[in-house]
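Coordinate analysis (summary)
The chain contents come next:
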Amino acid sequence: MKKNILWLLLFLLICYFAEAYTFGKNKIQPEVLKWSKIETLHFDIYFNKGEDEFGKMAALLSEEAYYKIKEDLKRPIFNRIPIIFYKSHQEFQTTNIIYYLLDESVGGFTELNRNRIAIPFDGSYKKLEETLVHELTHAYINELNRVRSKFLNFSGLPFWFSEGFPEFISVNGKSVYNNMFVIDLIMNDGIYNLDGLGGYFAYRLGESFLVYLSETYGRESVIDLFYALSFSSSQDAVSKKVYDLNFQDLQLRWKNYLKRKYLPYITDYDIPYEVFEQKTDHNEDGSYLNYAPRISPDGNSYLFFSNKDLRSDIWKETILGLNGREKIISGESSGKYEEFHFQKNNISWFPDGEKFAFVAKTSKYDKIYIINVNNQKNINTFDFPEFEAVYEIDVSHNGEQIVFAGQKGFKTDIYVMNMENYEIERLTNDLFYDSSPRWSPDDTKILFASERKAAENLEHDNVLSSLVTNIYYYDLEEEEFYQVTDDDFSNYSPFWSSNGEHILMTSERKFAANIEIIDTISGVRAAVTNTLAGAFTGDISREDEYLIFSCYFNGGWDIFVKNNPLQNLTYFSYFKPEKISFNEDLFKDFNFNRYKLYGKRDLKTEKDDTDIRSDIFTIDMKTSPFQDSLAQPWDDEIDQKPDTENIPEIKPYKTRYTLDMLWGGMAYSPSYGTYAQLQLGFSDLMGNHGIGINLGISGELINSNFIFNYVYLAHRIDYGFGVFHLNEEVIYKILYSDPALQSDYFREREREYGFYTITRYPFNKFWRLDLENIFYRNELRRDWWDGYKGKWIEEYLPDGFQEQYGLKESYESNVWSPQISIVHDNAVFGSVGPVSGWRGTVIFNRNFSTQKSYSILLADLRKYLFFEKRYSFAFR
């Protein structure tokens, strides 16, 4: 009974935590985040306190995105949408807006219940804007769904459309990286039908399909399709109405379009495994990511990241592959290496070839680890508490300095750290995204990529969509910056040749990313790889004997090697590196002062929209799916893009509670009175405070149930408490063997009331300590039914009667039941449950009672051994 009551009491409280109560990984907030708020025309935008300049930029990006989406969807929104910006992915992953655990691959989300958008800043303002447009499209559609008519249902869109459409609005098929996945599916005969498509490919193929429709039938047809799909769940009927084709025929034409566009390139481009030596095979070993290879100083082996064992680990293999593959670091399974930055991390050797360095995320901040490659021992660790993130690193050839890309505030710049005295020097200092630094062979220059040029040939779909990444280096002796590339397409992940005269990099010159080279002495340029797949994160041996790189092909990233990469290249005239003075004002380049137009105003005072709300989505499929009053000019003036200054106001964040959940019902009986059940859930915008109320009325108030829970999750330590009043009633019917005797009815009533607390302290992502206390008074009353008097009467039965029929004696007791638990969980889940790692909990509970005291010690250990692709053993 008591155990059941404890779980009942904690039920609503548990709902505020990420996973099951016994197990589950931990979210850790090292410090309480403080927020500011800027109110614009359509949004309440939240950002870190003190970062007002970022808040102004976010205001402009959000409002410009709104009018971009509105231009397509033809309808305004009527409720303000909250957008929460986190200054790092680390902060974003600890969000309490949703309680699921997030990893580095999640770029943002839109929470449906309150239509909140949450987005992290990870260095690139262009990527930030693309993510914002994607998530804002979700929120925009959610808002339309809130005020839809009975004919439309935007929440019933097929998954390929609900994710492909925001990508279509955001990047419109212009991302080389996004298109890489579609091209790969075409080349490997893996293009899927859209029906029932889920997962990552729903984004990519959904976007591709909509781009095809836009290019073939016009952009307006995609919007017609959007409204038609919300009107009917039959894709065939909708496709026939909008395109005069059934859906399967329309998909077939899209596939033919892709084949005509890309298959002819097979004759001009290489297939990776045909021209390069393949070192890993993700299809054979079950991995998906094999990337960022780095060659040892002696040129005999290399290190790389791989998720062969379901987590991102660091592996070592010889170039000749004679000694097999060896795991050096087991990542993402302990508090040391909780996670690696997703595709923004690398490995760097020390010149002695016995040590290497890499970055790993911990619960507090990023750290650089120095590891002995032979015994896998940690030699040294460098902490970076002042940085939000530390990305790619490189150790100097004299082994004395480390250069890295560091994110501090809303800036990502290049830094150099002296390993002897821990002094850090900042080389760049602006809002432009700097990444992938590499030392020159003589340690006099630092090569890096920077997203600081606005391409002239790109359409300005978004505010920052014209930004491209180019290659630069800093000369430490001259203290001058040099520009290596000046292209209207992106170049990134640069590295030097062994003599320092050539610079290699990944280049998005055409539809596929390939490695190119620039001769800095003669000022010429050439393609080193010419593959249909994407070539990334390369490195070259000390004598330029071979090039090693990661390539995406046939559904995953693998490591490839090209021998004699600098021979037989076809060069074309380019230019030699030139000195450049960096413009350090992103705001000036893109005129962010336009944010001053978008201050909040009360639209109701400008025009009463009460009438239009009542019939906002009247639809006539015979003409256009958006012919209603809002399409008229006089209505559009309510929400037209402003042209007069109205500066948005920045305010401090205030905690306000909103109703998240309401459920219940009520009945009345003249004989027994009122019966009701009510459940309420409240939380604040950031999800740091949670309140749950459960009320059950059963006749008299003394017989009713009440539970109140509160949790506070803003700190590293999570706190919760609750109060309760519970009743339980059981009626027994006693049948006698003598048929002359009438049956008796006995009743037991148990009442418990008190309070409880819970405290949770996470040591890291995988370990935590839970402390629970429950204090309550327990009362048991027994009575029997007097049929003559027509009422219940408290009276003891004869001796031995209770034992015979299993009835309890009446009693009263006071109970204190403390419990302490140690929990570990680093399990990796597959489609059917945990498949790797281990979970364990040890619980000690002591019950102090005036009736009977007892103790419980419970250990639950579970081990999962993943050994071959889809197979694993589970032990408990």
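Residues numbered from 1 in each chain as written. Predicted model: local features only at pLDDT ≥ 70, side-chain atom pairs only at ≥ 80, totals over all residues. Heavy atoms only, no water.

1. Description of the overall build of the protein chain
To keep things clear, this is the line we draw: Working definition: helices are DSSP H or I runs of at least four residues, strands are E runs of at least two. Numbering for both runs from the N terminus. Think of it in three bands: with a 1.4 Å probe and only protein chains considered, a residue is buried below 20% of the maximum accessible area for its type, exposed above 50%, and partly exposed in between. Only heavy atoms enter the contact rule, under which two residues are in contact if any of them lie within 4.5 Å.
Check the secondary structure of the protein chain and you find 17 helices and 45 strands. The principal-axis extents of the C-alpha atoms in the protein chain amount to approximately 115 × 75 × 50 Å. Across the 876 residues of the protein chain, 56% fall into the buried class. Considering only residue pairs separated by 6 or more positions, the protein chain has 58% of its internal contacts joining residues 24 or more positions apart.

2. Focus on the packing of helix α6 (residues 176-187) against helix α7 (residues 200-217)
To be explicit about the condition: For helices, the fitted axis covers only the stretch in contact; all axes are lines through C-alpha atoms, and the angles between them, taken along N-to-C directions, range from 0 to 180 degrees. For classification, angles of less than 35 degrees are called roughly parallel, those exceeding 145 degrees roughly antiparallel, those between 65 and 115 degrees roughly perpendicular, and all remaining angles oblique. Under the convention adopted here, Pro, Cys and the residues Ala, Val, Leu, Ile, Met, Phe, Trp and Tyr are nonpolar, Asp, Glu, Lys and Arg are charged, and Gly plus all remaining residues are polar.
Two elements in contact, α6 and α7, have axes whose closest approach is 9 Å; the angle formed by their N-to-C orientations is 90°. Accordingly, the angle class assigned to the pair α6 and α7 is roughly perpendicular. Judged by residue contacts, Y177, N178, F181, V182 and L185 of α6 engage Y200, F201, R204, L205, E207 and S208 from α7. Along the lines of polarity and charge, the residues of the contact of α6 with α7 split into 7 nonpolar, 2 polar and 2 charged.

3. With respect to the nonpolar core
Heads up, the condition is: Throughout, nonpolar core names a set of buried Ala, Val, Leu, Ile, Met, Phe, Trp, Tyr and Cys residues whose side chains join them through atoms within 4.5 Å.
Residues Y125, F165, L210 and F226 are the most contacted members of the largest nonpolar core, which totals 101 residues. In terms of residues, this core owes the most to one element, helix α2 (residues 52-73), which gives 11 residues. What F165 contacts, discounting residues up to four positions off in sequence, is L73, T137, I141, W160, L210, V222, I223 and F226. I328, Y337, F340 and L447 belong to the second-largest nonpolar core, a separate cluster that totals 37 residues.

4. Some details on the sheet that holds strand β14 (residues 378-383)
Here is the rule: Here, strands pair whenever DSSP counts at least two bridges between them.
Taken together, 4 strands build an open sheet; the order of strands is β11-β12-β13-β14 and the sheet is antiparallel. Lying at the two open borders of the sheet, with one neighbouring strand each, are β11 (347-349) and β14. Taken pair by pair, the neighbouring strands of this sheet meet at an average axis angle of 20°, ignoring direction. Relative to β14, strand β13 (residues 366-372) runs antiparallel, the two sharing 5 bridges. Looking at the pairing, I368 lines up with F382 of β14.

5. Digging into the environment of E91
The topology assignment puts E91 in helix α3 (residues 89-93). A sequence separation of 20 residues divides E91 from E71, and the C-alpha atoms of the two residues are 33 Å apart. In contact with E91, other than residues within four places in its own chain, are L33, N48 and Y86.

6. Thoughts on the confidence of the model for the protein chain
Condition: Confidence per residue, as judged by the predictor, is encoded in pLDDT with a range of 0 to 100.
When pLDDT is averaged along the protein chain, the result is 88, and 90% of the positions lie at 70 or above. Counting contacts from residues 1-21, a segment whose pLDDT is below 50, to residues more than four positions away or on other chains yields 54 contacts. Within the model, the stretch residues 605-634 combines pLDDT values under 50 with 51 contacts to residues more than four positions away or in other chains.

7. Topic: the packing of helix α9 (residues 235-243) against helix α10 (residues 247-262)
For the pair α9 and α10, the least separation of the axes is 8 Å and the interaxial angle reads 65°. Considered as vectors, α9 and α10 are oriented roughly perpendicular to each other. Mapping the contact onto sequence places Q235, D236, S239 and Y243 in α9 and F247, Q248 and L250 in α10. For the contact of α9 with α10, the residue count by class is 3 nonpolar, 3 polar and 1 charged.

8. Looking at the pairing of strand β34 (residues 673-684)
Sheet topology note: the strand β33 (residues 657-669)/β34 ladder contains 12 bridges and is antiparallel. In the sheet register, W663 faces β34, and the bridge partner there is Q679. The turn joining β34 and strand β35 (residues 689-698), which pair antiparallel and follow one another in sequence, is formed by 4 residues; a positive phi near 75° is taken by G687.

9. A word on the sheet that holds strand β22 (residues 480-483)
As summarised here, the arrangement of the 5 strands in space is β19-β20-β21-β22-β31, forming an open sheet in which the pairing is antiparallel. The sheet terminates laterally at β19 (433-439) and β31 (578-580), the two strands that pair on one side only. In this sheet, neighbouring strand axes are inclined to one another by 40° on average, regardless of whether the strands run parallel or antiparallel. In this sheet, β31 lies alongside β22 in antiparallel orientation, the contact comprising 3 bridges. Paired with Y482 across the two strands is K579, which belongs to β31.

10. Overview of the environment of N398
In this fold, N398 is placed in the loop between β15 (389-395) and β16 (401-408). Discounting residues that sit within four places of it in the chain, N398 has contacts with P351 and D443.

11. What about the packing of aromatic side chains?
What counts is decided by this rule: Geometry of aromatic contacts follows a simple scheme: Phe, Tyr and Trp rings, the Trp one being its six-membered ring, pair when their centres are within 6.5 Å, and the pair is stacked under 30 degrees between planes, edge-to-face over 60, tilted otherwise. For a ring to carry a charge above it, either NZ of a lysine or CZ of an arginine must fall within 6 Å of the ring centroid while also lying within 35 degrees of the normal to the ring plane.
Applying the stated rule across the entire model yields 82 aromatic pairs. Between F209 and F247, the aromatic rings sit 5.9 Å apart at their centres with planes inclined by 75°, giving edge-to-face as the arrangement. Of the two residues, F209 is situated in helix α7 and F247 in helix α10; the sequence distance between them amounts to 38 residues. The same class applies to F209 as to F247, namely buried. Members of the aromatic cluster, each reached through a chain of ring pairs, are F159, Y177, F181, Y192, Y200, F201, Y203, Y288, Y552 and W557. Above the ring of F582, the side-chain terminus of R452 is found at 3.8 Å from the ring centroid. One cation-aromatic arrangement involves R525 over Y574; the distance from NZ or CZ to the ring centre is 4.8 Å.

12. Points about a nonpolar patch on the surface
Inclusion rule: Exposure above 30% relative accessible area and no salt bridge define the residues that can form patches, which grow by joining like charges within 9 Å and nonpolar side chains of Val, Leu, Ile, Met, Phe, Trp and Tyr within 5 Å. All accessible-area figures derive from a Shrake-Rupley calculation using a 1.4 Å probe, and residue coverage is judged against the displayed protein chains alone. By convention in these notes, a salt bridge is any Lys or Arg side-chain nitrogen within 4 Å of a carboxyl oxygen on Asp or Glu.
On the surface, a cluster of nonpolar side chains totalling about 800 Å² of accessible area is made up of Y761, F763, W767, L771, I820, I822, V842, F844 and L857. When you line up the elements, V842 lands in strand β43 (residues 833-849).

13. Details of α2
Quick note on the threshold: In this analysis, the expected span of each helix is defined as 1.5 Å times one less than the number of residues it contains.
An ideal rise of 1.5 Å per residue puts 32 Å on 22 residues; α2 measures up with 31 Å between its terminal C-alpha atoms. Counting buried positions along α2 gives 18 out of 22 residues, so the element sits mostly inside the fold. Downstream of α2 by a residue or two, K74 has a phi angle that is positive, lying close to 70°.

14. Some thoughts on the pattern of salt bridges
All chains considered together, the criterion is met by 53 salt bridges. When the shortest N-O distance is used, the salt bridge between E39 and K600 registers 3.9 Å. Taken together, the positions of E39 in strand β1 (residues 35-39) and K600 in the loop between α13 (586-589) and α14 (603-606) put the pair 561 residues apart, joining distant regions of the chain. Look at E39 and you get buried, because its relative accessible area is 8%. Where R509 meets E516, a salt bridge forms, and the shortest distance between an N and an O atom there is 2.9 Å. On the basis of relative accessible area, R509 is assigned to the partly exposed category, the value being 32%. Each member of the salt-bridge network shares a partner with another, and the members are R751, R777, E779, R781 and E812.

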